[in-house]
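Each chain, written out:
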Amino acid sequence: MPELPEVETVRRGLSPAMEGRVISRAEIRRPDLRWPFPERMAERLEGARITHLGRRSKYLLLTLDRGETLIVHLGMSGRMLIEGAQTAAYRIEHAAPQKHDHVVLHLDDGARITFNDPRRFGTMDLAPSDSIDSHWLLAKLGPEPLGNGFDESHLVAAFRGRNTPVKSALLDQRIVAGLGNIYVCEALHLAGISPRRKAGQIATPRVRALVPAIRETLAKAIEAGGSSLRNYRQADGALGYFQHSFRVYDREGGPCVTPGCPGTIRRIVQSGRSSFYCATCQR
Ligand SMILES: [Zn+2]
């Protein structure tokens, strides 16, 4: 499932092809993904200019010049394909339509942006731009982990008295938006905090240290996504996933990368999801 760095990489890949372009035709090939598409979606998109391609948590936000914003979530398996773009660095030939191409946006320079999603957990909705933050998908989200609203005092206050494991607290989108299983495991390892420790029982200086650990983890992953864009020559032109080396994630039985730590990475299951950590240096 794409997490924040993957979505940010998709945004950076799409923006040169989409920003400033007019959607000349919108092909909507089914009535829904995870939820029904908005009413008259094609009509509301066709003829609109994309003024800005932004991101909030794991949602892409396409601001249109008609006062509406298209909200896009990639779900579990969603990908964006760019074909025939004149302006993007990632120009590829038009590929044959594929089975899971659910929405195709034809842009005024001849480019096609295709949303492909085999499992159909993705989402698209249209909402007024001036009240986008109160849309039901976005209204309850906490601060962006790379934004100014996410700082040491916010996290200390959010953890105070909380009796759940720190892993669950960091996955709570109301505390911090956009963190998923992979990067929570990674950030906890960097900060030396066990995923099993109760959030409310971590000493304040260690909670404060989690903030730069989360920021560094995400920034490095976004950087890795950026290099995957620079090497972007995949045959199908799909954006959404990139190779990245992890500190602990999916490394069960491997040696810990913390300098001087003799530990081995373990896997445990918390709330039905795998946590990878080093019991030697994460306390
Ligand atoms: Zn270790």
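Residues numbered from 1 in each chain as written. Predicted model: local features only at pLDDT ≥ 70, side-chain atom pairs only at ≥ 80, totals over all residues. Heavy atoms only, no water.

## Details of the overall build of the protein
The condition is simple: Strands are runs of DSSP state E lasting at least 2 residues, helices are runs of H or I lasting at least 4, and numbering of each runs from the N terminus. Values of the radius of gyration come from C-alpha atoms, whereas the globule rule sets the reference at 2.2 Å times the count of residues to the power 0.38. Per-residue accessibility, obtained with a 1.4 Å probe over protein chains only, is compared with the maximum for each type, and a residue is labelled buried under 20%, exposed over 50%, and partly exposed between these values. Working rule for contacts: check all heavy atoms of both residues, and any pair within 4.5 Å makes them a contact.
A count of helices and strands for the protein gives six helices and eleven strands. The C-alpha atoms of the protein give 20 Å as radius of gyration, which agrees with the globular expectation for 283 residues (19 Å, within 12%). Taken across its 283 residues, the protein has 54% of its residues classed as buried. Considering only contacts in the protein between residues 6 or more positions apart, those separated by 24 or more positions represent 67%.

## Some points on the packing of aromatic side chains
Threshold: Stacked, tilted and edge-to-face are the three classes applied to pairs of Phe, Tyr and Trp rings, where Trp contributes its six-membered ring and a pair requires centres within 6.5 Å; stacked means planes under 30 degrees apart, edge-to-face means over 60, and tilted covers the rest.
Tallied over the entire structure, the rule returns four aromatic pairs. Each ring, one from tryptophan 35 and one from tryptophan 136, has its centre 5.0 Å from the other, and the planes form 75°; the classification is edge-to-face. Here tryptophan 136 lies in the loop between strand 8 (123-128) and helix 3 (152-159) and tryptophan 35 lies in the loop between strand 1 (23-28) and helix 2 (41-45), a separation of 101 residues in the sequence. Judged by centre distance (6.2 Å) and plane angle (65°), the ring pair of tyrosine 183 and phenylalanine 246 falls under edge-to-face. Separated by 63 residues along the polypeptide, tyrosine 183 in helix 5 (residues 181-191) and phenylalanine 246 in the loop between strand 9 (238-239) and strand 10 (265-270) bring together distant segments of the chain. Members of the aromatic cluster, connected to one another through ring pairs, are Tyr183, Phe246, Tyr249 and Phe276.

## Regarding the pattern of salt bridges
Applied cut-off: Salt bridge, as used here: a side-chain nitrogen of Lys or Arg that lies within 4 Å of a carboxyl oxygen of Asp or Glu.
Evaluated as defined, the whole model comprises 17 salt bridges. Taking the shortest distance from any N to any O, the salt bridge between arginine 21 and aspartate 109 comes out at 4.0 Å. Linking arginine 21 in the loop between helix 1 (4-18) and strand 1 with aspartate 109 in the loop between strand 6 (101-107) and strand 7 (112-116), this pair joins segments that are 88 residues apart in sequence. Judged by relative accessible area, which is 22%, arginine 21 ranks as partly exposed. Arginine 44 is the salt-bridge partner of glutamate 68, the closest N and O atoms lying 2.7 Å from each other. Separated by 24 residues along the polypeptide, glutamate 68 in strand 4 (residues 68-73) and arginine 44 in helix 2 bring together distant segments of the chain.

## So, the coordination of the zinc ion
As a reminder, the rule being used: Sites may look incomplete because water is not among the atoms; the donors themselves are N, O and S atoms within 2.8 Å of the metal, or within 3.2 Å for Na, K and Ca. In this scheme the shape depends on donor count and angles: four donors with every angle between 85 and 135 degrees give tetrahedral, four or six donors with opposite pairs above 155 degrees and others between 65 and 115 give square planar or octahedral in turn, and any other case is irregular.
Around the zinc ion, the protein supplies Cys256 (SG), Cys261 (SG), Cys278 (SG) and Cys281 (SG) as donor atoms, at distances of 2.3 Å. Classification of the site at the zinc ion rests on its four donor atoms, whose angles at the metal span 105 to 114°, yielding the label tetrahedral. Each donor residue of the zinc ion belongs to the same chain, with the gaps between them written as C-x4-C-x16-C-x2-C. With cysteine 261 in the loop between strand 9 and strand 10 and cysteine 281 in the segment after strand 11 (273-278), the pair connects residues that are 20 residues apart, well separated along the chain. Cysteine 261 gets classed as buried once you look at its relative accessible area, which sits at 14%. Judged by its relative accessible area of 22%, cysteine 281 is partly exposed.

## Comments concerning the pairing of strand 5 (residues 79-83)
Note the threshold: Any two strands are treated as partners once DSSP identifies two or more bridges connecting them.
With five of five residues buried, strand 5 lies mostly within the body of the structure. Side chains of strand 5 alternate between two faces, with Arg79, Leu81 and Glu83 and Met80 and Ile82 buried alike. Sheet analysis places strand 5 next to strand 7, joined by five bridges and oriented antiparallel. Within strand 7, the position partnered with glutamate 83 by the bridge is arginine 112.

## As for the sheet that holds strand 3 (residues 59-64)
Our working rule: For helices, the fitted axis covers only the stretch in contact; all axes are lines through C-alpha atoms, and the angles between them, taken along N-to-C directions, range from 0 to 180 degrees.
Strand order in the open sheet formed by four strands is 2-3-4-8, with antiparallel pairing between adjacent strands. The two strands at the open ends of the sheet, each matched to only one other strand, are strand 2 (50-56) and strand 8. Between one strand axis and the next, the sheet turns through 20° on average, direction left out of account. Two elements, strand 2 and strand 3, share six bridges in a ladder whose sense is antiparallel. Following the sheet pairing, histidine 52 is matched in strand 3 by threonine 63. Along the sheet, helix 1 contacts strand 2 and strand 3; its crossing angle with strand 2, the most-contacted strand, is approximately 175°.

## A look at the side chain of threonine 217
Among the secondary structure elements, threonine 217 is positioned in helix 6 (residues 204-230). Looking at threonine 217, the relative accessible area reads 10%, which means it is buried. When residues no more than four places from it in sequence are discounted, the contact partners of threonine 217 are Tyr183, Glu186, Ala187 and Leu190.

## Side note on the pairing of strand 4
Counting buried positions over the six residues of strand 4 gives six, a clear majority of the element. Of the two faces of strand 4, the one carrying Glu68, Leu70 and Val72 and the one carrying Thr69, Ile71 and His73 are both buried. Here five bridges tie strand 3 to strand 4, and the two strands are oriented antiparallel to one another. Within strand 4, the position partnered with tyrosine 59 by the bridge is histidine 73. Where strand 3 folds back on strand 4, the antiparallel hairpin that results is connected by three residues, among which glycine 67 adopts a positive phi of roughly 90°. When strand 4 meets strand 8, the two strands line up antiparallel, connected through six bridges.

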